[in-house]
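Residue-level structural notes
Single-letter residue listing:
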Amino acid sequence: MNNKVQVVVIGGGATGTGILRDLALRGIDCLLVEQNDLATGTSGRFHGLLHSGARYVVKDLHSAEECIQENKILKQIAPDCIEDTGGMFIATKNDDPGYIDKWLAGCAQAGIETKEISPTELLKEEPALTPDVVKAYFVPDAAVDGFTLAAANVLSAQKLGAMARNYTKVIGFKLEKNKVCGVYLKDKYTGKEELVECQYVINAGGAWAGQIAGLAGQNINVNPDKGVLVIFNHRITNRVLNHLRPPGDGDIFVPHGSVTVFGTTSKVTNNPDDTEATLEEVLELLAEGSNLIPDLKNMRLIRAFAGVRPLYQPDGGQLGREATRDFTLIDHSQLTGLEGLVSVVGGKLTTYRLMAKAAVDFVAEKLGVDKPCITHQEMIYAPVPKNGAKPGEYLCQCEMVSKKMLDQSIEGKGHFSLSDVRRLTRLGMGPCQGTFCTFRATGYYHQSRNLKVTEANKLLKDHIEERWKGSKPVLWGQQAQETQLTRGIYLGLLNLERLESDNNEL
Amino acid sequence: MNYDVVVIGAGLAGFSAALAAVKEGKQVLVIAKGMGNLYSSSGYIDLLGYYPTTSKKPVVNPQKILDSLIVENPNHPYAKVGKDIIIKAFNDFLLVSEEMGLPYTGSLNANMMMPTAAGALVPTTLYPKSTDKKITVDREIVVVGIKELVDFYPAYVAQNLELQLGRKVKPLWIDLQLNISRELNSYDLALALEKPQVRNGLIDQLINLNVRDSLILIPAVLGVTRWQEVISNIEQSLNCELLEIPTLPPSVMGYRLAESFKLYLKNKGVEFIIGYPVAYAKFLDGYCEEISIYTANDRLKKIKAQNFCLATGGILGEGLQVLPREIKEDVFGLPIQVPREYSLHDFFSLEGQPLSYAGVNVNDRLQPFDPQTKETLLKNVFVAGATLAGYDPFVEKSGNGVALTSGYKAGLLAAKGGILNE
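Scope of this entry: the structure provided in the associated data block. (Residues numbered from 1 in each chain as written. Chains lettered and ligands numbered in written order. Predicted model: local features only at pLDDT ≥ 70, side-chain atom pairs only at ≥ 80, totals over all residues. Heavy atoms only, no water.)

Turning our eyes to something else, we now look at the sheet that holds strand 11 (residues 179-187) of chain A. Residue and element names in this part refer to chain A. The strand order 10-11-12 describes an open sheet built from 3 strands, whose pairing is antiparallel. Each edge of the open sheet carries a strand with a single partner, namely strand 10 (168-176) and strand 12 (193-197). Across this sheet, the average inter-strand angle for adjacent strands is 30°, counted without regard to direction. By the bridge criterion, 8 bridges tie strand 10 to strand 11 in an arrangement that is antiparallel. In the strand pairing of strand 11, threonine 168 is matched with aspartate 187. (Pairing = 2+ DSSP bridges. Helix = DSSP H or I, 4+ residues; strand = E, 2+ residues; numbered from the N terminus. Axes fitted to C-alpha atoms, helices over the stretch in contact; angles between N-to-C directions.)

Right under this line is the structure:
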């Protein structure tokens, strides 16, 4: 590859990929590097809510205003990534009625449209809700697919000549005379290390931004904040559901495809890789959520996971829920005199495009590029669109993933895992959690990609282990039963656990 | 309603219990809330595939290794059943399988290695006679996939087999051109292949592919009830041997065993009520007096029996309900020791998972007892199959073996009021 670019972007989440696209649209030669796959950090580990901003109107009006602005733009430019479910805020008889007025005033001020619906009417449309609803409002929330969004940004940038490399970790910076002039990279698959020279580096590492800046001797105060989420095997409501009260734990439900994501919690962690949910955390969430969905504890959980919010506090200020959701651009030359590096921290997925714009405006000026940002005008498209395949061509019936989609999801990729495929297609994200489609996708790829059978076995086992990891904190009820079925198939029936090692005596 | 023996559960353990009891001349009812796990099983009766579970080498002689298992694992269901009854149950099943028209074969002294749908080899003890074909045969080995079936990939099977057999295995696809506008599963295809014109299409394609005289490995889709006709028709046409490989659920080989066994029991006079969970049970002085079910019109129907067999299929069969920090036995509310962690290991770990080991603790009469006080809880209830504590069937490959043998003993004990005169 070309070992010299104008700008290196670190981080393949929504922000980093948004930056890559913005740079490319302004004609700046750029490369994105991501240590894992796209959107495997916080952009793929959140509730998938495209905020209307209504959640923030009382505490953080500025964030709310940004949210509604971006909400409208993203619905225009990224329809492949968004399911425009609409959202609702409900207050129950146990909630503070005084808050509702403050909230309504905030929505009006931020320009967020609200529409009241009577509890009786709402319960007809959303029968899973608690009958204790006293007030309910519709807002323009939506469900957003962070995986598809990141991939769509990259696809758009690549068409303009930008480059993106996943599974590539930054292991150091090349510094000359107090200026960053390159990054040292390591390929996760091959172990190969190389230097890419550049004029500017944008650190969009999210919760990992502190670690990355540390490689250049920079100290930035990113406070990883862990949020636990769970997934139910069906759509509990058809709209995004919010609890109309000051933001807290367990008050957001987002329908996605055939499932519902429910969260979250907020707990400061010192490790951005702390993404495992515990049983206690899950039980606390369920107890809270039962206030909105009375039957919640009897519904089937299929998975629990955690994401890490990259909250930033310049002066070591508030943590957790009290911390601002605003983003900050850190010009390291202002901070320590180091030129050539800018870090973009904080923020949230809904406003990723604004963060990207701010970072690229800054860098473009440094590079003497005067083209304006046009990311709000140009459409982006999913690399693997849901396409109407012929009946008989679907290998995952939970999420309707066809053979063609499996082909598209690995186009041009040397290495891939079924997790990479899953993020682009939703393969294995549905109610069976990969029990049937993992086997099918393995058999399919083994032949169509001419894989060695040992590679195919690894593809299968890695994916089953990955799905297993997420179901471990919710191993009860029907999920315990489903897990035994999966074990019955992969261990009992197929005897895959001993396949690699077995020298069978016949 | 009044019976000598009521069996709760319609999997292999329940059927085996019903068989043992009806052979003792008892009036037997099988009651179950669902179809039973047997329908989705491979149809193989594996006594013990790996011992200890962490062993990577298959057990060569399962009958011999039982002695060590029984001494070293006193809580394993096989230790409660005892070697004599295990052998008797297996041998009786071989005889009965002939009578039910689905003859099985195999020996307790030698496990047979069977190819799986991933191309691994799995040890098993008893298997349908139609699958009595050794993978070590001299003939050319061909793996045939059927385009319409999304659950079988011949090249994947063939290459994994090649690695283990150290010889060439040829993969082939055939397309039945059924033009059905959906993905088909094994059961769909098995029904289709009972039709002569569909079957002839398959035979023609196999002839064109030059696979005469081979050992043909094919997913188990060769007929639901008329499998004998389908298999012999193809074998004769091609002068080949056909070895069916059990598929992901729905499993036709499991279906054949479940249906044949059930019909056999019905003919012996066993009654069945399927689709009704036990609503509650009534106890007196350490005995279960009666159970009841809600019938379709929500009326409570009482069922009395001298003795009961509990064969509800563990977690998979919903005989055990797992809650976050508690496991409930579904019918009698028997105490279950909850493992500290439900899962400890990787999915593919040979240790098994703690959740799988959880179940009802029994004495050697298979009566439930309290693991703390060692007190027998119900004197006329005998527990069998996956609801029992002390084993993980999936890593040691003992699921149907434990079901068959513990079911057999539970049925005998229920028929004889809890006392066996050996």
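Having seen the model, we can carry on.
Moving on, we get to the side chain of serine 292 of chain B. All names here are of chain B. Tracing the backbone shows serine 292 in strand 13 (residues 287-294). Classification of serine 292 as buried rests on a relative accessible area of 0%. Setting aside anything within four residues of it in sequence, one finds serine 292 in contact with Pro277, Val278, Ala279, Tyr280, Leu300, Lys301 and Lys302. (Buried < 20%, exposed > 50% of the residue type's maximum accessible area, 1.4 Å probe, protein only. Contact = heavy atoms within 4.5 Å.)

As a further point, take a nonpolar patch on the surface. Residues and elements named next belong to chain B. On the surface, Tyr280, Tyr294 and Leu300 cluster together into a nonpolar patch covering about 270 Å² of accessible area. Tracing the backbone through its elements, the reader meets tyrosine 280 in strand 12 (residues 278-284). Using a relative accessible area of 34% as the deciding quantity, one classes tyrosine 280 as partly exposed. (Patch = residues over 30% accessible without salt bridge, like charges linked within 9 Å, V, L, I, M, F, W, Y side chains within 5 Å. Areas by Shrake-Rupley, 256 points an atom, 1.4 Å probe, with all protein chains shown as cover. Salt bridge = Lys/Arg side-chain N within 4 Å of Asp/Glu carboxyl O.)

Before going further, it helps to examine empty space enclosed by the protein. Counted by the stated rule, this structure contains 4 cavities of 30 Å³ or more. The volume enclosed by the largest cavity comes to roughly 110 Å³. Lining the largest cavity are Cys432, Gln433, Thr435, Ile464, Arg467, Trp468, Ser471, Gln479, Glu482, Thr483 and Thr486 of chain A together with Phe347 of chain B. Counting only elements with at least two residues in the lining of the largest cavity, the list comes to helix 13 (453-471) and helix 14 (477-493) of chain A. The residue inventory of the lining of the largest cavity, partitioned by class, reads 4 nonpolar, 6 polar and 2 charged. In this structure, the second largest cavity spans a volume of roughly 70 Å³. Along its surface, the second largest cavity is lined by Asn75, His76, Pro77, Lys80, Val360, Asn361, Val362, Phe369, Leu388, Ala389 and Gly390 of chain B. The residue inventory of the lining of the second largest cavity, partitioned by class, reads 6 nonpolar, 4 polar and 1 charged. (1 Å grid on protein atoms, 1.4 Å probe; cavity = no way out; pocket = protein on both sides within 12 Å on 5 of 7 lines; lining within 4 Å. Points joined across faces, edges and corners; volume = space filled by probe spheres on them. Nonpolar A, V, L, I, M, F, W, Y, C, P; charged D, E, K, R; others polar.)

Given two aromatic rings, one states the distance between the centres and the angle between the planes to describe the pair. Scanning the entire structure with this criterion turns up 21 aromatic pairs over all chains. Consider the rings of tyrosine 444 of chain A and tyrosine 445 of chain A, whose centres lie 6.0 Å apart with planes at 55°: the pair is tilted. Judged by its relative accessible area of 15%, tyrosine 444 of chain A is buried. By relative accessible area, tyrosine 445 of chain A is classed as buried at 0%. Ring centres 6.3 Å apart and planes at 75° place the aromatic pair phenylalanine 308 of chain B and phenylalanine 332 of chain B in the edge-to-face group. (Phe/Tyr/Trp six-rings, centres within 6.5 Å; stacked < 30°, edge-to-face > 60°.)

Moving on, we get to the nonpolar core. Generally speaking, nonpolar side chains in soluble globular proteins are found buried as a group. In terms of nonpolar packing, the biggest core is built from 246 residues, with Tyr445 of chain A together with Ile291 and Phe332 of chain B touching the most fellow members. Those residues within four positions of tyrosine 445 of chain A in sequence are excluded, and the remaining contacts are Leu406, Asp407, Ser409, Ile410, Phe416, Leu418, Val421, Asn450, Leu451 and Leu459 of chain A. Val33, Leu185, Val196 and Leu341 of chain A belong to the second largest nonpolar core, which has 20 residues in total. (Core = buried A, V, L, I, M, F, W, Y, C linked by side-chain atoms within 4.5 Å.)

Residue-level contacts link 60 residues of chain B with 55 residues of chain A. Across the chain B/chain A interface, buried area totals approximately 5,200 Å², and carbon plus sulfur atoms make up 63% of it. Contact with chain A buries surface across chain B, with Tyr156, Phe347 and Phe348 of chain B losing the most and accounting together for 17% of the total. The interface formed by chain B and chain A contains 4 salt bridges. (Buried area = accessible area lost by both parts, 1.4 Å probe.)

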